[in-house]
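Geometric and topological summary
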Amino acid sequence: MTEAMETPGGEAYLAAIAGIVADVEDLERRMASVQIAQLRTLAAAGRVAEAQSAHADANVLLHDMALRSIAAEVAGAMRMTDRTVQRRIGEARVTIEGFPAAVAAWEAGRIVRGHVTAIVDAGVNLPAELWAEFEKVAIDRCERDTPNRVRGELEILAHRMHPRTFAERHEVAAAGRCVRLVPRRDGMSDLIATLPTVIAEGIHDRLTQQARAIVDTRGERATNSDVIATDGRSTDQVRADVFADLLLAGTPALDDTRDTTAGPLGAIRARVQVLVPAATLTGADDGPCDLAGRSPIDPATTRLLAGATHVWERLFHDPTTGVTVATDSYRVPSGMRRFLQARDQHCRFPGCRVAAIRCEVDHTHDHALGGETELSNLAHLCQRHHSMKQFTAWKVRQLQGGVLEWTSPLGRTYREDAPTPAVAFTPAAASPGDPAPF
């Protein structure tokens, strides 16, 4: 590298930076063009689904199934889940059809994708007849600053333009309250609750007060000549532990099923399906265990769950492939269900990860049309994909080994193999001094 290149302000250095900036600008233009084209294509998919169910006797179910079917078809090409694609189709239609001026400004390079997202997120809460007026003002504001700086102003602008009172809008928003589970790494997950702000603040405040009360009671106890701290958790850790304890063991204050003092809801307990090798259970191995349909969990948690359970089911896996081949059973129907839960682990529609314990056991060849209730004709499908199989042109047949072959309305096929358990045994290499096998 020349001295001029190494010195900030040198001609070579400035030329290199100018070239990088020019390349970035060119890439941004090309990326924007592709992203806009993708949005338009997804929006077109939504319009096709709408047209498919536009005839007079169409109902909500028919429209939803048409959209699900097309989303699943597109998802196969994009290698995404059909739920994700269906959501993106809806977002694309709102952006392309509802805020065309913002898209045009993005396409012309006047604003960037972040601006468009901020405009749509704020504007979509307004009545559709106000979107054009809102985006005109919003685009002008976005041209002068970065997306993160204008987002708050756009939300305030939308509030001021809205013809309905905040109280009325809050009532509608509260109807969308929900709880979502987002798997993370290393056996952890985020549990996200969308609630009215006052309720959320109250929950957080109570958890904080309880956590501080626990922290304040910390002390040290003497054991002979040793001094041992009673609790080393941080406030965040205690707050999370109290949160989990209240949800898993607490009794709801609002219980519509109540006919006694305690209420039936308080008796409901969490249910999970865990696959654990015998070696891990006994402590001989500290490898991860499998929370079926979700992610690996740590061995200590698994042993704690195992110590409290009253239901034990041994699972036998092929030592080479790890595929489940048998399970303990009592009566045939329940035994078959347990075997299928162990084999399938989750919904067997391509890309779906809903846990088998939350799915329905479906006859691949309809029982009403002569399909037998046997392992080779049964598989788990979540409610969404069970109804898709029933009400759309998606077809499925089951091959040997629990393999499902799905055929889309376009005739494209997707092979869905029985999932390999995350925990599996491998044959140990024989040592020279080992006795010969029987």
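Looking at an unreviewed UniProt entry, one finds the protein chain named DUF222 domain-containing protein, with Microbacterium aquilitoris as its source organism.

What follows covers the nonpolar core. Formed by 36 residues in total, the largest nonpolar core has its most connected members in Ile89, Phe99, Trp106, Ile111, Ile119, Phe134 and Leu154. Counting only elements with at least two residues in this core, the list comes to α2 (11–52), α3 (60–78), α4 (82–98), α5 (100–107), α6 (113–123), α7 (131–142) and α8 (147–161). Ranked by residues supplied to this core, first place goes to α2 with seven residues. Filtering out sequence-adjacent residues up to four positions away, Phe99 remains in contact with Val94, Ile119, Val120, Gly123, Val124, Trp131, Phe134 and Glu135. In this structure, Cys359, Cys382, Leu404 and Tyr414 belong to the second largest nonpolar core, which totals 15 residues.

Let us look at the sheet that holds strand β12 (residues 395–398). Pairing in this open sheet of three strands is antiparallel, and the strands run β12-β13-β14 from one edge to the other. Where the open sheet ends on each side, the last strands, each with one partner, are β12 and β14 (413–416). With direction set aside, neighbouring strand axes in the sheet form an average angle of 20°. Pairing analysis gives four bridges linking β12 to strand β13 (residues 404–407), with the strands arranged antiparallel. What sits directly across from Gln398, in β13, is Leu404.

Looking at α6, one finds that the buried residues are His115, Val116, Ala118, Ile119, Val120, Ala122 and Gly123. The secondary structure elements touched by the buried residues of α6 are α4, α5, α7 and α8.

On to the environment of Leu275, then. Within the secondary structure, Leu275 sits in strand β5 (residues 274–275). On the accessibility criterion, Leu275 (8% relative accessible area) is buried. Linking Leu275 and Cys289, residues 14 residues apart in sequence, is a C-alpha distance of 6.1 Å.

To continue, consider the pairing of β14. Strand residues, when the strand is regular, have side chains that alternate between the two faces of the sheet. Here β14 shows a buried face lined by Tyr414 and Glu416 and an unburied face lined by Thr413 and Arg415. Pairing analysis gives four bridges linking β13 to β14, with the strands arranged antiparallel. Bridged to Glu405 within β14 is Arg415.

Aromatic rings in a pair are described by how distant their centres are and how their planes are angled relative to each other. This model, assessed by the stated rule, comprises four aromatic pairs. Pairing Phe349 with Trp394 gives two aromatic rings, centres 5.3 Å apart and planes at 65°, and the pair type is edge-to-face. Linking Phe349 in the loop between α14 (332–344) and β10 (360–363) with Trp394 in the loop between α15 (383–391) and β12, this pair joins segments that are 45 residues apart in sequence. Connected via pairs of aromatic rings, a cluster forms that spans Phe349, Trp394, Trp406 and Tyr414.

All right, on to the pattern of salt bridges then. A side chain of one charge can pair with a side chain of the opposite charge if their charged atoms are brought near each other. Here the structure, examined in full by the defined rule, presents 24 salt bridges. Measuring nitrogen to oxygen at the nearest pair gives 3.2 Å for the salt bridge that ties Arg30 to Asp26. One end of the pair is Arg30 and the other is Asp26, both in helix α2 and four residues apart, which spans about a single turn. What makes Asp26 partly exposed here is its relative accessible area of 30%. Taking the shortest distance from any N to any O, the salt bridge between Arg68 and Asp64 comes out at 2.8 Å. With Arg68 and Asp64 both in helix α3 and four residues apart, the pair spans about one turn of that helix. Its relative accessible area of 12% is what places Arg68 among the buried residues.

Rules used in this analysis
- Residues numbered from 1 in each chain as written.
- Predicted model: local features only at pLDDT ≥ 70, side-chain atom pairs only at ≥ 80, totals over all residues.
- Heavy atoms only, no water.
- Core = buried A, V, L, I, M, F, W, Y, C linked by side-chain atoms within 4.5 Å.
- Buried < 20%, exposed > 50% of the residue type's maximum accessible area, 1.4 Å probe, protein only.
- Helix = DSSP H or I, 4+ residues; strand = E, 2+ residues; numbered from the N terminus.
- Contact = heavy atoms within 4.5 Å.
- Pairing = 2+ DSSP bridges.
- Axes fitted to C-alpha atoms, helices over the stretch in contact; angles between N-to-C directions.
- Phe/Tyr/Trp six-rings, centres within 6.5 Å; stacked < 30°, edge-to-face > 60°.
- Salt bridge = Lys/Arg side-chain N within 4 Å of Asp/Glu carboxyl O.

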